[in-house]
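Geometric and topological summary
Each chain is listed here by its residues.
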Amino acid sequence: MTERTIAIASDHGGVELKAQLAKDLAEWGWRVLDLGTDGPASVDYPDFALKVAEALKSGAAERGLLLCGTGIGISIAANRHGHIRAALVHDAFGARMCRQHNDANVLVMGGRTIGPEVARDCLKIFLDTAFEGGRHARRVAKMSENS
Ligand code: RB5
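Report on the accompanying structure. Everything quoted here is computed from the prediction, not taken from an experiment. (Residues numbered from 1 in each chain as written. Predicted model: local features only at pLDDT ≥ 70, side-chain atom pairs only at ≥ 80, totals over all residues. Heavy atoms only, no water.)

1. Quick word on the environment of Gly134
Keep this limit in mind: Secondary structure elements follow DSSP: runs of H or I of four or more residues count as helices, runs of E of two or more count as strands, with numbering from the N terminus.
Here Gly134 is to be found in the loop between α5 (116-128) and α6 (135-145). Sequence separation between Gly134 and His101 is 33 residues, and the spatial gap between their C-alpha atoms is 9.3 Å.

2. So, the site of the ligand
Counted only if it meets this: A molecule or strand has a residue near it when one of that residue's heavy atoms lies within 4 Å. Here a polar contact is taken to be a pair of N or O atoms separated by no more than 3.5 Å, where protein atoms must pair a possible hydrogen donor with a possible acceptor and residues adjacent in sequence count only if both atoms sit in side chains. Note that accessible areas follow from Shrake-Rupley with a 1.4 Å probe, and for residues the cover is restricted to the protein chains shown. Lys, Arg, Asp and Glu make up the charged group, whereas Ala, Val, Leu, Ile, Met, Phe, Trp, Tyr, Cys and Pro make up the nonpolar group; the residues left over, Gly among them, are polar.
Asp11, His12, Tyr45, Cys68, Gly69, Thr70, Gly73 and Arg112 make up every residue found near the ligand. In the environment of the ligand, an oxygen atom lies 2.7 Å from a nitrogen or oxygen atom belonging to the backbone of Gly69. Isolated, the ligand exposes 290 Å² of accessible area, and the fraction of that covered by the protein chains is 71%. Within the shell around the ligand, the residues separate by chemical class into 2 nonpolar, 4 polar and 2 charged.

3. Examining the nonpolar core
Heads up, the condition is: The criterion is simple. A nonpolar core is a set of buried Ala, Val, Leu, Ile, Met, Phe, Trp, Tyr and Cys residues joined through side-chain atoms within 4.5 Å. Buried residues are those whose accessible area, probed at 1.4 Å on protein chains only, stays under 20% of the maximum for their type, while exposed residues exceed 50% and partly exposed ones sit between those limits. Should any heavy atoms of two residues lie within 4.5 Å, those residues are considered in contact.
The biggest cluster of nonpolar side chains holds 23 residues, and the ones touching the most others in it are Ile6, Leu21, Leu25, Leu65, Met109 and Leu123. Counting residues per element, the ones that place at least two in this core are β1 (5-10), α1 (15-27), β3 (63-68), α4 (92-100), β5 (106-110) and α5. The greatest single-element share of this core, amounting to 6 residues, is contributed by α5. Residues within four places of Met109 in sequence aside, it is in contact with Leu21, Leu65, Leu66, Leu67, Cys68, Gly71, Leu88, Val89, Ile114, Ala119 and Cys122. Counting 18 residues, the second-largest nonpolar core is a separate cluster that includes Ala7, Ala78, Ile84 and Ala86.

4. Topic: the packing of α1 against α5
Just so we agree on the cut-off: Where helices are involved, their axes are fitted lines through C-alpha atoms of the stretch in contact, as for all axes, and angles between N-to-C directions lie from 0 to 180°. Every angle not falling under 35 degrees, over 145, or within 65 to 115 is termed oblique; those three ranges are roughly parallel, roughly antiparallel and roughly perpendicular. Here a crossing is called left-handed whenever its near helix is offset anticlockwise from the far helix by less than a right angle, and right-handed whenever the offset is clockwise.
Their axes nearest at 10 Å, the elements α1 and α5 cross at an angle of 45°. Overall, the two elements α1 and α5 adopt an arrangement that is oblique. Two packed elements cross with a definite hand, and for α1 against α5 that hand is right-handed. Along its contact with α1, which presents Leu17, Gln20, Leu21, Asp24 and Leu25, the element α5 presents Pro116, Ala119, Arg120, Leu123 and Leu127. Of the residues in the contact of α1 with α5, the class split is 7 nonpolar, 1 polar and 2 charged.

As structure tokens, then:
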């Protein structure tokens with residue numbers, strides 16, 4: 001089976017959670033493309049949303065994970081890119097629904113708003129859940145028409 005690749009990035013507000021989740025991803029057999037940031041120094045989250053958006057556009061990665069302090073800024077920034085469907089998630093239900101109904105290709109969480117165990121569960125569900133298609137495909141297609 002071909003190894004799957006996920007592009008991950010965060011600002012300083014999500015850098016610790018990113019490091020923890022990168023280990024989980026490697027254990028689950030994902031190739032991790034870590035696009036920074038690498039430490040606690042203050043950086044601008046739109047720059048890191050852009051890096052993940054570019055990785056998905058080029059085909060370097062098939063999924064993305066973005067983290068900032070709340071997840072809010074970096075999800076807004078990511079969704080400015082027309083091919084990105086970034087879902088800010090706080091629990092397992094949201095992680096499942098963003099795949100089943102929205103075909104989200106980027107998972108977003110807040111390093112200051114979610115615990116590491118819940119974040120790990122959300123990420124696993126996001127990766128393992130398929131898009132349901134059907135009526136949801138029509139709705140997802142409409143979002144692309146307007147981007
Ligand atoms: C950075 O301090 C913080 O504003 C950022 O991580 C994020 O929460 C923005 O939405």
